[in-house]
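Analysis of the macromolecular model
One-letter residues, chain by chain:
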Amino acid sequence: MQDTRKPLGINWIGLGTIVRREVSRMMRVPIQAFIAPWISALLFIFIFGYVVGGRMPAIGGRPYIQFVLPGVLMLNIVNASFLQSSSAIYFSRFLRFIEETLVSPMSYVEMIAGSLAVVVVRSTVTAIGIMVIGLAFGATAISSVPAFLFWVVAVSAIFGLLGIVIGLWSKSFEQLNVLTVFFITPLSMVGGVFNTITMLPGWLRWLAYGNPFFYFINGIRHSMIGYSEVPQGLGYGLTVVALVVMFLWVLRLYSKGYGLRE
Amino acid sequence: MIPALKISHLRKVYRRGNVAVDDLSLTVNEGDFFGFLGPNGAGKSTTIHCMTGIAEPTGGTIEIFGVDAVKNYREARRLVGLCPQEFNVDPFATPRQIVDWMGGYFGMSAAQRKARIDHLMERFELGPHEKKPFRELSGGLKRRVVLARALVNDPKLLILDEPTAGVDVELRRILWRYLQEINADGRTILLTSHYLEEVERLCRDIAIVNKGRIVRQGTKDEIAGGTPGGLEEAYLAVTGSAAEHVAGQ
């Protein structure tokens, strides 16, 4: 009865089933998944990019609204990725339907890859919507498509993996929000969404360089408008290292059954 | 002949030190209809969870048709279908989605899934309800859905943890007939139930577990035959839990 064809030894049908299941779950809450971040992005772009930005000098030869858009985009990619995976894992644990995958012949890598594929789908759809909003304001530009895709996919995966860790760790809805409230929102806001490093007071700049969100925002901004405040290699390197470390961490948690098995 | 299930010296200790299963050994032959009995908290569900990957065994080995269920878990899982005691499903999903997704996890192609799901929906009379959210179904219908889900991959070993709890007499009899049919087709079935008449009617071999250990094992006749009160008396004699058993019913 079971299909034993598994190109590259991967259960592609199982992996695709995780994606189908989560997309179905996502489509039950389209306002929460897509409309809310699009409206939020629209307001940010309109207020900070258009109204306030109209009175700001150009940055790197680009209008301020073009400087702000990549930051707003990255802010929403991070949130969409983290919320998708953390809520998917937490709810499947809370309602125990995660046991469906545990009793199936799926490998841990397939389970993680399935979750991350959904994360990339959600953040990409969110990003496309924001790019369309940006177009309406004449703010959307892409200077390097491969670099842009790298930043969308890599950052989605990093925060998707972080969301899995929090989804496995949380024992209540309150804990599910801890990282967003105390880490993701503050660090992303001060990571250069609205300002350059040189706009910060001198004593605060070192903090910006130590903020991983700065490299993500700077990276996607460079791929869109060609403006960067640090060497690009540094951002790519840190991002790839973060991605590998996060993946290995999540794989270990799955292998040990942390938060999954009794 | 390789047994369908061979558990050797299984031990499961939960994080807080609670010993749920202690040195439990059990063999179920291929084609058997095996009753796994015991009072609440005896270790039945924990044993099942260790067999199916929901719990991590602390010690011992579990082999399913000769395949190590821990070291070679992917191969072992292919052979098993689990109908759990609790409804561990996405309550907003429909019965067809729930069964379809399970088939997908097992790597079944879309055509295979459709044929199998159509059969199961018809067999369990779920057709009129297949597009309703699971949470809107009655208890009996929910039970049918999780049973259909357990059968989607046509498992060689079917594990049923209290499959008829909260089910009306009519459905219970439908389930019994179906289980007898698939057992006659060669499927091995391991059944836990608090309904001893159900076990007496369906099972050929029985093991009784108490406080994490097997306290009695044999054929139905060996266990129930020597006691005037049949299986119930034999059960109460070895578990010493008359009050709990009555409450369970």
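So, here's what we can say about the structure. Note that the structure is a prediction, hence the values are computed from the model and not measured.

Mapped onto the secondary structure, A:Glu110 falls in helix α5 (residues 108-136). Since its relative accessible area comes to 3%, A:Glu110 is described here as buried. Side-chain polar atoms of A:Glu110 contact the backbone nitrogen of A:Asn11, separated by 2.7 Å. A distance of 2.8 Å separates the side chain of A:Glu110 from the side chain of B:Arg74, its partner in a polar contact. Ignoring anything within four residues of it in the chain, the contact list for A:Glu110 reads A:Gly9, A:Ile10, A:Asn11, A:Leu15, A:Ile18, A:Pro105 and B:Arg74.

Attention now moves to the packing of aromatic side chains. All names here are of chain A. Summed over the entire model, instances satisfying the criterion amount to 27 aromatic pairs over all chains. Taken together, a centroid distance of 5.6 Å and an interplanar angle of 40° make the contact between Phe 44 and Phe 194 tilted. With Phe 44 in helix α2 (residues 30-52) and Phe 194 in the loop between α8 (178-189) and α9 (202-209), the pair connects residues that are 150 residues apart, well separated along the chain. Accessibility expressed as a relative area gives 14% for Phe 194, which makes it buried.

With that out of the way, let us pick up the pairing of strand β6 (residues 80-83) of chain B. Residue and element names in this part refer to chain B. Here β6 shows no split at all, with Val 80 and Leu 82 on one side and Gly 81 and Cys 83 on the other all buried. In the sheet, β6 pairs with strand β7 (residues 157-161) via 4 bridges, with the strands oriented parallel. Paired with Gly 81 across the two strands is Leu 158, which belongs to β7.

This paragraph deals with the layout of surface pockets. Looking at the largest pocket, its volume works out to about 750 Å³. In this structure, the largest pocket is lined by 26 residues; those nearest its centre are A:Gly259, A:Leu260, A:Arg261, A:Glu262 and B:Arg15. Only α6 (145-169) and α11 (232-256) of chain A together with β1 (5-13) of chain B provide two or more residues apiece to the lining of the largest pocket. Among the elements that make up the lining of the largest pocket, the one with the highest residue count is α11(A) (4 residues). Counted by class, the lining of the largest pocket contains 11 nonpolar, 3 polar and 12 charged residues.

Moving on to empty space enclosed by the protein. A complete count under the given rule lists 4 cavities of 30 Å³ or more for this structure. The space that makes up the largest cavity amounts to roughly 160 Å³. Taken together, the elements giving at least two residues each to the lining of the largest cavity come down to α1 (12-27), α3 (64-94) and α5 of chain A. A total of 5 residues in the lining of the largest cavity trace back to one element, the largest contributor, which is α3(A). Looking at the lining of the largest cavity, its residues break down into 7 nonpolar, 5 polar and 2 charged. Roughly 50 Å³ of volume is contained in the second largest cavity. Around the second largest cavity, the lining residues are A:Val103, B:Val80, B:Gly81, B:Leu82, B:Met102, B:Phe106, B:Arg149, B:Ala150 and B:Asn153. No other element matches β6(B), which puts 3 residues into the lining of the second largest cavity. Considered class by class, the residues forming the lining of the second largest cavity number 6 nonpolar, 2 polar and 1 charged.

Another aspect to go through is the packing of α1(A) against helix α3 (residues 95-105) of chain B. In the contact formed by α1(A) and α3(B), the axes pass within 7 Å of each other and the chain directions differ by 150°. For the element pair α1(A) / α3(B), the angle class is roughly antiparallel. Contact with α1(A), carried on its side by A:Ile13, A:Gly14, A:Thr17, A:Ile18, A:Arg20, A:Arg21 and A:Ser24, involves B:Gln97, B:Asp100, B:Trp101, B:Gly104 and B:Tyr105 of α3(B) and no other residues of that element. Grouping the constituent residues of the contact of α1(A) with α3(B) by class yields 4 nonpolar, 5 polar and 3 charged.

Time to look at α11(A). Every α-helix carries 3.6 residues per turn, so stepping three or four residues along brings you back to the same face. All names here are of chain A. Between its terminal C-alpha atoms α11 stretches 36 Å, which fits the 36 Å expected from 25 residues at 1.5 Å a residue. Burial in α11 covers these residues: Gln 232, Gly 235, Thr 239, Met 246, Val 250, Leu 253 and Tyr 254. Among the structural elements, α3, α5, α6 and α10 (212-225) are those in contact with the buried residues of α11. Following α11 by one or two positions, Gly 257 has its phi on the positive side, about 80°.

It is worth spelling out the environment of A:Gly202 at this point. Residues and elements named next belong to chain A. Locating Gly 202 in the fold gives a position in helix α9. Since its relative accessible area comes to 51%, Gly 202 is described here as exposed. C-alpha separation for the pair Gly 202 and Ile 31, spaced 171 residues apart in sequence, amounts to 41 Å.

Residues and elements named next belong to chain A. Two numbers describe how α5 lies on α11: the axes approach to 10 Å, and their chain directions differ by 125°. Between α5 and α11, the crossing angle belongs to the class labelled oblique. Handedness of the crossing formed by α5 with α11: right-handed. Of the residues in α11, those touching α5 at Tyr 108, Val 109, Met 111 and Ile 112 are Phe 247, Val 250, Leu 251, Tyr 254 and Ser 255.

Here is what the cut-offs are and how they apply
Residues numbered from 1 in each chain as written. Chains lettered and ligands numbered in written order. Predicted model: local features only at pLDDT ≥ 70, side-chain atom pairs only at ≥ 80, totals over all residues. Heavy atoms only, no water. Helix = DSSP H or I, 4+ residues; strand = E, 2+ residues; numbered from the N terminus. Buried < 20%, exposed > 50% of the residue type's maximum accessible area, 1.4 Å probe, protein only. Polar contact = N/O pair within 3.5 Å; in protein donor to acceptor, adjacent residues only side chain to side chain. Contact = heavy atoms within 4.5 Å. Phe/Tyr/Trp six-rings, centres within 6.5 Å; stacked < 30°, edge-to-face > 60°. Pairing = 2+ DSSP bridges. 1 Å grid on protein atoms, 1.4 Å probe; cavity = no way out; pocket = protein on both sides within 12 Å on 5 of 7 lines; lining within 4 Å. Points joined across faces, edges and corners; volume = space filled by probe spheres on them. Nonpolar A, V, L, I, M, F, W, Y, C, P; charged D, E, K, R; others polar. Axes fitted to C-alpha atoms, helices over the stretch in contact; angles between N-to-C directions. Parallel < 35°, antiparallel > 145°, perpendicular 65-115°, else oblique. Expected span 1.5 Å × (residues − 1). Left-handed = near helix turned anticlockwise from the far one by under 90°.

So yeah, pure geometry; function would need other evidence.
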